[in-house]
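Observations on chain architecture
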Amino acid sequence: MGHSEGEFEVHRQPSSFDHDEESATPPATENSPYGNASPQHGSARPTGIAGVILRWSPRIFMVAYFVFSVAVYTMLPTEGTKVFWFLYLTIGTLLASITVMEAFDGLSLLKLGRKTIAKTAKFGLLDDPKLPFVELIIEESSRGSFDDEILLRAKTVYPTEKLRITVLPREHDNTALFHHLCYTQDRQQGPLPEITAILTGNQRPHPHAIRHAVDRLAANKNIDLIQSRTVLTRRKGAGFFREAWSSLASLQHDATHCLVLPGRTVTWETPISSGVPVYGRTLALQNAMRAAASASPRQNSVALAFSALAQNSKSVYDMSVITYTECARSLIGSMRVQLREAVQWTASMRYLSLVFTKAKSSATTSEKSTSPATTPKRTFKQRVCIFYTLLLQRLRSHAILQYFSLALAMLIINPPNSAAEFSSQIFFPYHISIWLIASGLLCLFGTIAMVHHAASEFAPKGWTFPGVVLIWPLMLLVGAGVDVYAQVGVMLGSF
């Protein structure tokens, strides 16, 4: 079944549709310990004219959305324009303030992670005969060169007899991952892994990542899942434009996955991850996957993270646990990556119910606690964090697009002929406008400065700071457009 690949024992699992009757997913019954958790494969998408309409519907909707918004704002009276202008300015300033606070809190986690990395580089990793057995689950990669560069060249610092790598086929809605975690993992040959790591097809762990995650889980029994820091790599020697946008993509990736999302767990005191790549206790991951599958057949890494939160599994970000992922090779590829992430966040909005429901005890929480005094409880800040992450962040994208549409409509109606007219048109003139715009720009400037401080070795260096400041609003606009496009696609069933 398994074969040696470098220093690892690699098991390649066939597609879940190819299992024989004895190893196939058992049917869900009332007496089944998994309930109705088995995911159902979606029906085939329509073909022909119906398929073309389904694919093009989100694009047509976006064009109509933009044209309609601009047209409405051009017909507004001056008083109505002022109301919407100050509304969007206030929303933008508040969101920029929250973002800079989250980024600042993310720096504290990054500092701890870098300290751990420096300690490992100076003293090395101590031998420990009690290290647990770990299974590393990776989807099949579509890019062999990335395998050669990261997986085969990098030597994972972990005992080979306690590490198993399982390569799963790339399937829609993570069916193979669900089947392996919930059914195959408990029955395959060899010891049952205490720790399981899940990576996507083009993600590869840093040589010390597994050991750092294992040491963190061993040091704190209350932690169930470790969210890894993903570092976007890029190829050298590419053309100028490809080098430029890949550098910006790396910087934007570091802003989201190194500062804002990790910092959000500190700002709002919410023990939640953002999905794959994740290192966690096997039982916690199995429970989260089964609960996610029973809630919806549409599986993704973000849904897995919120399912773990619903099961009261404690997740933490550890910046010393690094995972490499290759940057898309084209601008279209980069947009597709953004779209895939936006679709995952939109499809996970069903977990908004966590805002209004009580925390329930699960298998993992009952094992960690037996006294009524430590019954799982979801605090007010945690509920606000869930509401802000799942709903307000989606509405933020609409606010950005509407603000842009309003500004464009104002320029169409009354284009300024001088800087004085332009200033009067922006400020109206009211002092509150100056304060809102200045505060928003200051928060934006601070966030970008922290991103440059936290950037990986693959991101552009400090000399690019002025250019990034100028182009960052455009990147926010493009990101908002992709997010709204994903929302439309999920709503219409196109994705």
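Note: the structure precedes this text.
Presented here is a report on the structure given in the accompanying data block. Every chain begins its residue count from 1, and numbering advances along the sequence as written. Where local features are concerned, this predicted model is filtered to residues with pLDDT of at least 70; where side-chain atom pairs are given and counted, the filter is 80 or more; whole-chain, interface and lining totals use all residues. Calculation of side-chain values draws on the structure's entire complement of heavy atoms; hydrogens and water are dropped beforehand.

Observations regarding the pattern of salt bridges
The salt bridge definition used is simple: a Lys or Arg side-chain nitrogen within 4 Å of an Asp or Glu carboxyl oxygen. Considering all chains together, one arrives at 8 salt bridges under this definition. Among the salt bridges present, the one from Glu102 reaches Arg264, with a minimum N-O distance of 3.0 Å. Note that Glu102 is positioned in helix α2 (residues 78–123) and Arg264 in helix α6 (residues 240–267), a separation of 162 residues in sequence. Like Glu102, the residue Arg264 is buried in the burial classification. Each helix corresponds to a stretch of at least 4 residues labelled H or I by DSSP, and each strand to a stretch of at least 2 residues labelled E; elements are numbered beginning at the N terminus. Note on exposure labels: buried denotes an accessible area under 20% of the residue type's maximum, exposed denotes more than 50%, and partly exposed covers the range between, all computed with a 1.4 Å probe on protein chains only.

Let's talk about the pairing of strand β3 (residues 134–139)
The buried fraction of β3 is high, at 6 of 6 residues. Residues of β3 alternate between two faces, with Val134, Leu136 and Ile138 on one and Glu135, Ile137 and Glu139 on the opposite face, all of them buried. By this definition, two strands are paired if DSSP reports at least two bridges between them. The pairing of β3 with strand β4 (residues 163–168) spans 6 bridges and is classified as parallel. By the bridge assignment for β4, Glu135 is matched with Arg164. As judged from the 5 bridges shared by β3 and strand β5 (residues 195–199), these two strands associate in the parallel manner. In the sheet register, Ile138 faces β5, and the bridge partner there is Leu199.

Here we look at the packing of helix α13 (residues 431–454) against helix α14 (residues 465–492)
Here, axes are lines fitted to C-alpha atoms. For helices the fit covers the stretch in contact, and angles between N-to-C directions go from 0 to 180 degrees. Interhelical geometry of α13 versus α14 gives an angle of 115° and a closest axis separation of 11 Å. Judged on the interaxial angle alone, α14 and α13 are roughly perpendicular. Handedness of the crossing formed by α13 with α14: right-handed. Contacts from Leu444, Phe445, Ile448, Ala449 and His452 in α13 reach Phe465, Val468, Val469, Trp472, Pro473 and Leu476 in α14. For the contact of α13 with α14, the residue count by class is 10 nonpolar, 1 polar and no charged. Our angle categories are set so that under 35 degrees counts as roughly parallel, over 145 as roughly antiparallel, 65 to 115 as roughly perpendicular, and the remainder as oblique. Helix crossings are classified by the rotation of the near helix relative to the far one: an anticlockwise turn of less than a right angle makes the crossing left-handed, while a clockwise turn makes it right-handed. Note on definitions: a residue-residue contact is assigned when non-hydrogen atoms from the two residues lie within 4.5 Å. For this scheme, ten residues count as nonpolar: Ala, Val, Leu, Ile, Met, Phe, Trp, Tyr, Cys and Pro. Four count as charged, namely Asp, Glu, Lys and Arg, and the remainder, Gly too, count as polar.

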